[in-house]
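Topology and contacts: notes
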Amino acid sequence: MRFRVVGAGVVAAGAVLVAGAPALADDVRGEQQPVIDTLELPRAWRATRGGGVTVAVLDSGVDSLHRDLAGSVTVGRDFTKGANPPGVRPLRLHGTYMASLIAGHGHGPGGSRGVIGVAPEAEILSVRVILEDEERGFRVFNTHPRFENVVARGIRYAVDKGADVINLSLSKELPTREERAAIGYAISRSVVLVAAAGNDGARGGGAGHEAPYSYPAAFPGVVAVGATDRRLRRATFSNGNSSVVVAAPGVDIMGAGPGDQYWIGRGTSQATALVSGVAALIKAKYPEMSPPLVARALTASATDRPPGGYDTGTGFGVVNARRALAEAARLARHTETATGGQAQDPAYPVGGGASAPVQVVARDRDRAHAYVAVAAVAAGGALASVAAMYLLVRRVRRAHSPQDA
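In this report, we go over the structure that sits alongside the text. (Residues numbered from 1 in each chain as written. Predicted model: local features only at pLDDT ≥ 70, side-chain atom pairs only at ≥ 80, totals over all residues. Heavy atoms only, no water.)

Comments concerning the environment of V223
Residue position: V223 is located in strand β11 (residues 223-228). Counting along the chain gives 31 residues from V223 to V192, while the straight-line C-alpha distance between them is 8.0 Å. When sequence neighbours within four positions are dropped, the list of residues in contact with V223 reads L193, V194, A195, V245, V246, V275, A295 and L298. (Helix = DSSP H or I, 4+ residues; strand = E, 2+ residues; numbered from the N terminus. Contact = heavy atoms within 4.5 Å.)

In structure tokens, the structure reads:
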């Protein structure tokens, strides 16, 4: 099985970076500024800040008491229970980090200090489905059969708890049938799934930097996210393969850690959390928008598009929150299915079943009369030919009959 925390090698940036900093520009927010600018978040926030949306973070757990997340986190089910020895508390490093990038609301005057997430008014549902590498039960979790489908069960749980977006900053090499079915279940209920493409890009060979597929990112219907560096080019570690849909910044990303700490790290995990935040903004503004249309809004509005419009490193380009909301507004004016009397009923197979008889809408009477006349002449000619052949045969027979003596 072996799940991996994608981007687990985060580097602690210090316990608290804000001591003595100005109220409007602490060290944390300053470190976030490149991401804020790349995604054009201030302009996106004029339309929505993610209020009313729930993002399920399927991860290692979230510190709901962190000052930049307090009041925004619901702690859900722990599907890893029994992997750690009794009495061992989860570390919740990676999950807190991801949640802060999605829905951190900062702290201090006007929330101007600490981590600001892409959708700062969104709610987080924490669902624990992985362990940190450093946790004592890590080996048990990654080898015992009863933990094989924890992500599939976590997805179904999040859907049933009302999640609008599910963030999956994790990966595994081999998929299961249960995971694919859970993804279908989520999509059928209009839940957007965003997953990390993986951090094995440096192992990929060839000019295209192809790397192994990671799951659940490589499942159809999931928005698979690659990471870019500060120049918005594919980060060297980011997997390059045809599952990648879009990309987002994934190098030197500031986020929150348990106990009011802050972290700087790199990985497709971080990029995935940023894209989940943008998806949350779209769902907040257009709650009825289906997952395929949300994905369309993300891809059609992406910036730094590769030559030809797509490549396996950054997909259709780098996600941009402002442009994605503008594209979603355009898409929201249209329906996904045709309407009207002549539209195909999706409940029936095309060209069969309960389809109605084809009705003739217009008749060309002059042409029909001409066809009838031609047919009549042809029929008359055929009859005349038969009659002539009959008379010819009778004459031949008479010519060869015996004469009277």
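Structural notes on the sheet that holds strand β4 (residues 73-78)
Picture the strands of a sheet paired through backbone hydrogen bonds; they go either parallel or antiparallel. Sheet architecture is open: seven strands sit in the order β4-β7-β3-β8-β10-β11-β12, paired in parallel fashion. Because the sheet does not close on itself, it has two edges, and the strands there are β4 and β12 (244-249). Recorded for the sheet is a direction-independent mean angle of 25° between the axes of neighbouring strands. In this structure, strand β3 (residues 54-59) lies alongside strand β8 (residues 165-168), joined through three bridges in parallel fashion. Bridge pairing in β8 places V55 opposite V165. (Pairing = 2+ DSSP bridges. Axes fitted to C-alpha atoms, helices over the stretch in contact; angles between N-to-C directions.)

Description of empty space enclosed by the protein
Summed over the entire model, instances satisfying the criterion amount to one cavity of 30 Å³ or more. Here the largest cavity defines a volume of roughly 80 Å³. Along its surface, the largest cavity is lined by Q32, V35, I36, L41, L101, I116, G117, V118, I253, M254 and L274. Every element with two or more residues in the lining of the largest cavity is listed here: α1 (27-39) and β13 (253-257). Among the residues forming the lining of the largest cavity, the class breakdown is nine nonpolar, two polar and no charged. (1 Å grid on protein atoms, 1.4 Å probe; cavity = no way out; pocket = protein on both sides within 12 Å on 5 of 7 lines; lining within 4 Å. Points joined across faces, edges and corners; volume = space filled by probe spheres on them. Nonpolar A, V, L, I, M, F, W, Y, C, P; charged D, E, K, R; others polar.)

Description of helix α6 (residues 177-188)
The terminal C-alpha atoms of α6 lie 17 Å apart, and with 12 residues this matches the ideal 16 Å at 1.5 Å per residue to within 8%. Among the residues of α6, E179, A182, I183, Y185 and A186 are the ones counted as buried. The arc that holds every buried residue of α6, seen down its axis, measures 155°, which confines them to one face. Facing away from the buried side of α6 by over 90 degrees, the exposed positions are R177 and S188. Check the buried side of α6 and you find it contacts α5 (150-160) and β10 (192-196). (Expected span 1.5 Å × (residues − 1). Buried < 20%, exposed > 50% of the residue type's maximum accessible area, 1.4 Å probe, protein only. Arc of directions from axis to C-beta.)

So, the pattern of salt bridges
Applying the stated criterion across every chain, the model contains 10 salt bridges. A salt bridge links E40 to R43; its shortest N-O distance comes to 3.7 Å. Judged by its relative accessible area of 45%, R43 is partly exposed. Across the pair E148 and K172 runs a salt bridge whose closest N-O atoms are separated by 3.4 Å. (Salt bridge = Lys/Arg side-chain N within 4 Å of Asp/Glu carboxyl O.)

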